[in-house]
Amino acid sequence: IASRGFSYIFNLTGCGCVTFQDVDIVRHITNAFDLIQVSGANDVLFERCRIGNDWTTPGAAGFAYMRILYPNNIVVRNCMFFSGVPGDMDYGIVASNFGDDTNSLYLYNNNVGDYEVTGVYVTGAAVPGPLLVVQNNVVVNHPGLAAEPVAFTSDVNVNMTVVATHNAIFAAAGFG
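This report concerns the structure included in the present document. It should be emphasised that the depicted structure is a prediction, and the values quoted were computed from it without experimental measurement.

## With respect to the side chain of Asn110
Stage number 1. In this fold, Asn110 is placed in the loop between strand S12 (104-108) and strand S13 (111-113).
Stage number 2. Owing to a relative accessible area of 1%, Asn110 belongs among the buried residues under this scheme.
Stage number 3. Engagement of the side chain of Asn110 in a polar contact is seen with the backbone oxygen of Val76, the distance being 2.9 Å.
Stage number 4. Only 3.4 Å separates the side chain of Asn110 from the backbone nitrogen of Asn78, close enough to count as a polar contact.

Set out below in structure tokens:
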């Protein structure tokens, strides 16, 4: 799927039981918007997808490959996030608004690269009980970026249950 528009390629809002498998999801125009937004959706799976921007010049700041808001059993597994121009997207995966004890997000075996600010950014939970599982992900900083980005940023608080194992980063000390 090659998008040439200045909006989400996919905006999954308030839907359920959606699966994307083995799909290339690419923006083929200057970046000026998040690529994918998942907001208040239930039981969504992205598996073995390549998600990114293949344009040759940098775009606007502040956008992400995937932005997830109020996740309910959202799984992102074995996906690759990329950009033709290193640093074109500010964020890889952004997850926020864990406002219910049933919220859950699972990030397994993903490769997040070519971002400008943070590869994976997750905020805290408003109430006790939400679940975040982050396992076997690789987050890669491009060595040519002038200001080195951060691989993982977490504002997760004591309300959230976090399971994190075997994640890898390629970054200078202090930028993990």
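## With respect to the nonpolar core
Stage number 1. Ranked by internal contacts, the top residues of the largest apolar core, which has 38 residues, are Ile25, Ile36, Phe46, Ile51, Ile68 and Phe81.
Stage number 2. With sequence-adjacent residues up to four places away left out, Ile36 is seen in contact with Tyr8, Phe10, Ile25, Phe46, Ile51, Tyr65, Met66 and Arg67.

## As for the sheet that holds strand S14 (residues 115-123)
Stage number 1. Strands sit in the order S2-S5-S8-S11-S14-S17 across an open sheet of 6 strands; the sheet is parallel. Looking at which strands have only one partner, the edges of the open sheet turn out to be strand S2 (10-13) and strand S17 (150-155). Averaged over neighbouring strand pairs, the angle between their axes works out to 10° when direction is ignored.
Stage number 2. In terms of strand pairing, S14 meets S17 through 5 bridges, oriented parallel. Directly across from Thr118, in S17, lies its bridge partner Val150.

## Structural notes on the pairing of strand S9 (residues 72-77)
Stage number 1. As paired strands, strand S6 (residues 42-47) and S9 are joined by 5 bridges and run parallel to one another. Residue pairing across strands places Asn42 opposite Asn72, the latter belonging to S9.
Stage number 2. Both S9 and S12 contribute to a ladder of 4 bridges, which runs parallel. Bridge pairing in S12 places Val76 opposite Leu107.

## A word on the pattern of salt bridges
Stage number 1. With the rule as written, the count across this model stands at 5 salt bridges.
Stage number 2. In this structure, Asp34 engages Arg67 in a salt bridge whose closest nitrogen and oxygen atoms are separated by 2.6 Å. Within this pair, whereas Asp34 is found in the loop between strand S4 (24-27) and strand S5 (36-39), its partner Arg67 is found in strand S8 (residues 64-69), the two being separated by 33 residues in sequence. As far as the burial class goes, Asp34 and Arg67 line up, both buried.
Stage number 3. For the salt bridge of Glu47 with Arg77, the shortest nitrogen-to-oxygen distance reads 2.8 Å. Taken as a pair, Glu47 in strand S6 and Arg77 in strand S9 lie far apart in primary sequence, 30 residues in all.
Stage number 4. The class for Glu47 is buried, based on a relative accessible area of 10%.
Stage number 5. On the basis of relative accessibility, which here comes to 26%, the residue Arg77 falls in the partly exposed class.
Stage number 6. In this structure, a network of salt bridges that share partners links the residues Asp22, Glu47, Arg48 and Arg77.

Cut-off values and rules
- Residues numbered from 1 in each chain as written.
- Predicted model: local features only at pLDDT ≥ 70, side-chain atom pairs only at ≥ 80, totals over all residues.
- Heavy atoms only, no water.
- Helix = DSSP H or I, 4+ residues; strand = E, 2+ residues; numbered from the N terminus.
- Buried < 20%, exposed > 50% of the residue type's maximum accessible area, 1.4 Å probe, protein only.
- Polar contact = N/O pair within 3.5 Å; in protein donor to acceptor, adjacent residues only side chain to side chain.
- Core = buried A, V, L, I, M, F, W, Y, C linked by side-chain atoms within 4.5 Å.
- Contact = heavy atoms within 4.5 Å.
- Pairing = 2+ DSSP bridges.
- Axes fitted to C-alpha atoms, helices over the stretch in contact; angles between N-to-C directions.
- Salt bridge = Lys/Arg side-chain N within 4 Å of Asp/Glu carboxyl O.

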